[in-house]
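Examination of the molecular architecture
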Amino acid sequence: MYYTKIIIITHTGDFIKTIVQVALDLLEIDRAVQIAKEALEGGVDWIEVGTPLIKSEGMSAIRRIRKEFPGYTVLADMKTIDTGSIEVEMAAKSGADIVMILGGSDDSTINDSVRSAHQYGVKLMADLMSVNDPVERAMQLEKMGIDYINVHVGIDQQMLGYDPIHLLKDVVDAVNVPVAVAGGLDEQTSSEIVNTGADIVIVGGNITRSDNVSRAAKTIRSGVDSPSKFQVSKQSLDDEIYEILTNTSTPNISDAMHRKGAMRKIIPLVQDTKMVGKAVTVQTFEGDWAKPVQAIDTAKPGDVIVIYNGSKDIACWGGLATFSCLNKGIAGVVVDGAVRDVDDITNIGLPIFAGNTVPNAGDPKGFGEINSEITCGCQNVRPGDYIVGDNNGVVVVPKERAYEIARRSKEIEKGEQRLYDEVKRGRTLSDIAQLNKWEKQ
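All values reported here derive from a predicted model rather than from experimental measurement.

Topic: the overall build of the protein chain
- What the protein chain contains, in helices and strands, is 19 helices and 20 strands.
- Counting only residues that meet the buried cut, the protein chain has 52% of its 441 residues in that class.
- In the protein chain, of all internal contacts separated by at least 6 residues, the share reaching a separation of at least 24 is 70%.
- Accessible surface, the protein chain: about 19600 Å² in total, of which carbon and sulfur atoms supply 48%.

A short note on the pattern of salt bridges
- Per the counting criterion, the structure on display carries 27 salt bridges.
- Residues E404 and R401 are paired through a salt bridge, measuring 3.1 Å at the closest nitrogen-oxygen approach.
- One network of salt bridges, with partners in common, ties together R31, E38, R418, D421, E422, R425, R427 and D431.

Quick word on the packing of helix α8 (residues 165-174) against helix α9 (residues 187-196)
- Running from N to C, α8 and α9 point in directions that differ by 25°, and their axes come no closer than 10 Å. In terms of their interaxial angle, α8 and α9 are classed as roughly parallel. Handedness of the α8/α9 crossing: right-handed. Listed contacts from α9 to I165, L168 and K169 of α8 are T189, E192, I193 and T196.
- Tallied by class, the residues present in the contact of α8 with α9 amount to three nonpolar, two polar and two charged.

Reading the values: the criteria
- Residues numbered from 1 in each chain as written.
- Predicted model: local features only at pLDDT ≥ 70, side-chain atom pairs only at ≥ 80, totals over all residues.
- Heavy atoms only, no water.
- Helix = DSSP H or I, 4+ residues; strand = E, 2+ residues; numbered from the N terminus.
- Buried < 20%, exposed > 50% of the residue type's maximum accessible area, 1.4 Å probe, protein only.
- Contact = heavy atoms within 4.5 Å.
- Areas by Shrake-Rupley, 256 points an atom, 1.4 Å probe, with all protein chains shown as cover.
- Salt bridge = Lys/Arg side-chain N within 4 Å of Asp/Glu carboxyl O.
- Axes fitted to C-alpha atoms, helices over the stretch in contact; angles between N-to-C directions.
- Parallel < 35°, antiparallel > 145°, perpendicular 65-115°, else oblique.
- Left-handed = near helix turned anticlockwise from the far one by under 90°.
- Nonpolar A, V, L, I, M, F, W, Y, C, P; charged D, E, K, R; others polar.

What follows is the structure, given as structure tokens:
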């Protein structure tokens, strides 16, 4: 896993030219160097050595970047919160031109960092991530001698839907030093914050996790240099969740939940279909198909019916029930148990997932419940949880964490695309992941 950022400084304030900075928050220096080269080809001017890379490789990471790219400004994202003088000195002597410290550090740390920066001839950028009163703190930091202010929403906060744009204008109006913005930005939102007054735009995985870093950097570059070309479209939270989950595989979604959420022994009956929707749950028993069929009337368009059947030897679902779902716009059905009429279901094409197929059905006795919490495929499912199915199987996404998990799964997908690109270039996965370095000793 790695995280990277691009910083773009726009034509505002005292800047003579547009400056693009790539931040390398990887874990392995050779990969960082390669990505930096590709980003430079896309229009990058400055290079940042990210915190994970510094923690992984130490000051040698800064020295390596300085050696590989002697003509470029290097920023070291130290995220210093204590021992400011020592850490600024370390970064400066390793070749950094700018050092990132945390704006929430104690004033004594800020002041000591400023003194050290003056002594060793480097600039300081202060990161406002998780500061309680960012505007007030930005003004204090400027008075203490900080050269750049970074309005930053961290990666974990981005996954919860936070963005930095709402703070930007207030901070820009409050200080006279250049203001950076970071946190889940793409070409559209980068354009938006340029128009809002940002001096520095920081973009992450939308560039460096791309399978074509240079092309992605050029797109961001275009959005910053010509912000009027991009119109920012706003989606509802539900629409954004649906869009992300629809375009993300169930393995990536499971990875985003730390390898959890996958239903056991539930497989697709119709191949090459994608199912995303909110759960309408059904608890029934040994082939009793009354409640499963009644759930079709309860469900709304786009919902997924999730059934615990109680038996893998008696079907509670078949072709007629599947065909009936089309009238309501049901997104799909999951059955922990048996399904029949496989040929009809295949012809209908609605995503159906089940634990078994049999020819025999039960009777509509009416036992069970609709929209109670159930267990399906060894996973707890509540009404309203997001259900996603594809050729790999089915995952359950808890409704209260749906946006976060969707965003994390998207980031995982970007990382995998970058890995595919590196494998195509001839490297092995073990080599890329540095398994010998990181395995338990």
